[in-house]
Amino acid sequence: GVMKAINVNKLTSAGCRVKIWIADWFAQLNNKLGGDLKKIETVGQYFIEIWKAVGMDLEGGKVEFLWSSKEINSRAHEYWPLVMDIARRNNLQRMKRCCQIMGRAEGDELSAAQIFYPCMQCADVFFLKADICQLGLDQRKVNVLAREYCDHIKRKNKPVVLSHHMLPGLQQGQEKMSKSDPSSSIFMEDEEAEVNLKIKKAFCPPNIVKGNPCLEYINYLVLPWFKEFVIERKAENGGDK
């Protein structure tokens, strides 16, 4: 959503070229939308349109959208040997420690596809020739796996891990937003009235900064985009601030 656009714009303004991996096959591996690839592709297209609509800077070809299924199929001779080598050099326990990247816990029962998933995501880094891996903090374990793989193959030029902050859910104690709990998240298709209601119901105790989702939204979304945040108050209440 908005935070993705902000992070990408920061990178492109610094001179980076950004490749956004539309990971349709990975969503299917993780059984998103019941593993229905047509539905997953529709959602992928929706993501692209959302990023365009919220102001991601796409001028001059600085951002490239790549579909994993198409890229992997077109260069399968490069991709699959890389995946197999990563799988060969790591044990099952190491792969299970990466399952957080799929929104799973290490102790969850995983399908064979979900065990294979980290090997493929690690391979993506090298397949895409990425110098910088810009993902959320929840993806850090597979980025570390990619750096460890560089040690295995004696590669000195390791990818830089640039992990962005994860916005918490709007309710108390929610470390991150949840699609399954509409009250915890603000969705891109929410109407203004819905957004206002969710903010009014959000956890926002006075004089508490840590774990306050409203302040997180201001810090990571409002200020980077608008450069200011004004609290409108009557003069008898202290005036605008």
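Residues numbered from 1 in each chain as written. Predicted model: local features only at pLDDT ≥ 70, side-chain atom pairs only at ≥ 80, totals over all residues. Heavy atoms only, no water.

J.: Describe the state of the cysteines, naming the residues involved and giving the relevant values.
T.: Applying the stated criterion to the full structure yields zero disulfides. Summary of cysteine pairing: Cys122 is not part of a disulfide, and the nearest cysteine sulfur, belonging to Cys119, is at 7.7 Å. The buried category is assigned to Cys122, whose relative accessible area is 0%. (Disulfide = S-S within 2.5 Å. Buried < 20%, exposed > 50% of the residue type's maximum accessible area, 1.4 Å probe, protein only.)

J.: Before we move on, can you summarise the pairing of strand S3 (residues 132-136) with the specific residues and values?
T.: Two faces, one strand: in a regular strand the side chains alternate between the faces of the sheet. Bridging between S3 and strand S4 (residues 160-164) involves five bridges; their strand directions are parallel. Bridged to Leu135 within S4 is Ser163. Handedness of the crossover is the feature at issue here: the chain leaves S3, passes through helix H8 (residues 140-152), returns alongside S4, and the resulting connection is right-handed. (Pairing = 2+ DSSP bridges. Helix = DSSP H or I, 4+ residues; strand = E, 2+ residues; numbered from the N terminus. Right-handed = clockwise from strand over helix to strand, strands pointing away.)

J.: Describe a nonpolar patch on the surface, listing the residues and the values that go with them.
T.: Taken together, the side chains of Leu33, Val43, Tyr46, Phe47 and Met188 present a nonpolar region at the surface, about 420 Å² in accessible area. Among the structural elements, Phe47 can be located in helix H3 (residues 37-53). (Patch = residues over 30% accessible without salt bridge, like charges linked within 9 Å, V, L, I, M, F, W, Y side chains within 5 Å. Areas by Shrake-Rupley, 256 points an atom, 1.4 Å probe, with all protein chains shown as cover. Salt bridge = Lys/Arg side-chain N within 4 Å of Asp/Glu carboxyl O.)

J.: Help me get a handle on the environment of Leu29, residues and values and all.
T.: Assignment of secondary structure puts Leu29 in helix H2 (residues 24-29). Leu29 sits 87 residues away from Phe116 along the chain, and the two C-alpha atoms are 8.5 Å apart.

J.: Residues and numbers for helix H5 (residues 76-88), please.
T.: Between its terminal C-alpha atoms H5 stretches 18 Å, which fits the 18 Å expected from 13 residues at 1.5 Å a residue. Listing the buried residues of H5 in full gives Tyr79, Leu82, Val83, Asp85 and Ile86. One face of H5 carries all of its buried residues, which in axial projection span an arc of 165°. For H5, the exposed residues set more than 90 degrees away from the buried face come down to His77, Met84 and Arg88. Along its buried surface, H5 packs onto H2, helix H4 (68-74), helix H7 (112-127) and H8. (Expected span 1.5 Å × (residues − 1). Arc of directions from axis to C-beta. Contact = heavy atoms within 4.5 Å.)

J.: Hey, could you go over the packing of H7 against H8 for me, with residue numbers and the actual values?
T.: It is the contact of H7 with H8, at a shortest axis distance of 9 Å, that shows an interaxial angle of 65°. The chirality of how H7 crosses H8 is right-handed. Packed against H7, whose contacting residues are Pro118, Gln121, Cys122, Val125 and Phe126, the element H8 presents Val142, Leu145, Ala146, Tyr149 and Cys150 at the interface. Across the contact of H7 with H8, the residue classes tally to nine nonpolar, one polar and no charged. (Axes fitted to C-alpha atoms, helices over the stretch in contact; angles between N-to-C directions. Left-handed = near helix turned anticlockwise from the far one by under 90°. Nonpolar A, V, L, I, M, F, W, Y, C, P; charged D, E, K, R; others polar.)

J.: How would you summarise the packing of helix H1 (residues 2-13) against helix H10 (residues 213-226) if you had to cite specific residues and measurements?
T.: Packing of H1 against H10 brings their axes to within 10 Å, and their N-to-C directions diverge by 50°. Judged on the interaxial angle alone, H10 and H1 are oblique. In this structure, H1 crosses over H10, and the sense of that crossing is left-handed. Taking contact as the criterion, the partners of Val2, Met3, Ile6 and Asn9 in H1 are, on H10, Tyr220, Leu221, Pro224 and Trp225. (Parallel < 35°, antiparallel > 145°, perpendicular 65-115°, else oblique.)

J.: Give a detailed account of the packing of aromatic side chains, specifying residues and quantitative values.
T.: Inspection of every chain in the model, using the stated rule, returns nine aromatic pairs. Each ring, one from Phe26 and one from Tyr117, has its centre 5.3 Å from the other, and the planes form 85°; the classification is edge-to-face. Of this pair, Phe26 sits in helix H2 while Tyr117 sits in helix H7, and the two are 91 residues apart along the sequence. Of the two residues examined, Phe26 and Tyr117, each falls in the buried class. Ring geometry for Tyr79 and Trp80: centres 5.0 Å apart, planes at 85°, overall edge-to-face. By relative accessible area, Tyr79 is classed as buried at 0%. With a relative accessible area of 29%, Trp80 lands in the partly exposed category. Among the aromatic residues, those joined into a cluster by ring pairs are Trp21, Tyr79, Trp80, Phe116 and Phe127. Above the plane of the ring of Phe127 lies Arg75, whose end atom (NZ or CZ) is 4.0 Å from the centre. (Phe/Tyr/Trp six-rings, centres within 6.5 Å; stacked < 30°, edge-to-face > 60°. Lys NZ or Arg CZ within 6 Å of the ring centre and 35° of its normal.)

J.: Summarise unusual backbone geometry; cite the residues concerned and give the values.
T.: With glycine set apart, most residues show a phi of negative sign, and most peptide bonds adopt trans. Unusually for a residue other than glycine, Asn31 sits at a positive phi of about 60°. With respect to the helices, strands and loops of the structure, Asn31 is situated in the loop between H2 and H3. In this structure, Leu33 is a non-glycine residue whose phi angle is positive, near 55°. Mapped onto the secondary structure, Leu33 falls in the loop between H2 and H3.

This is a description of form; function is not addressed.
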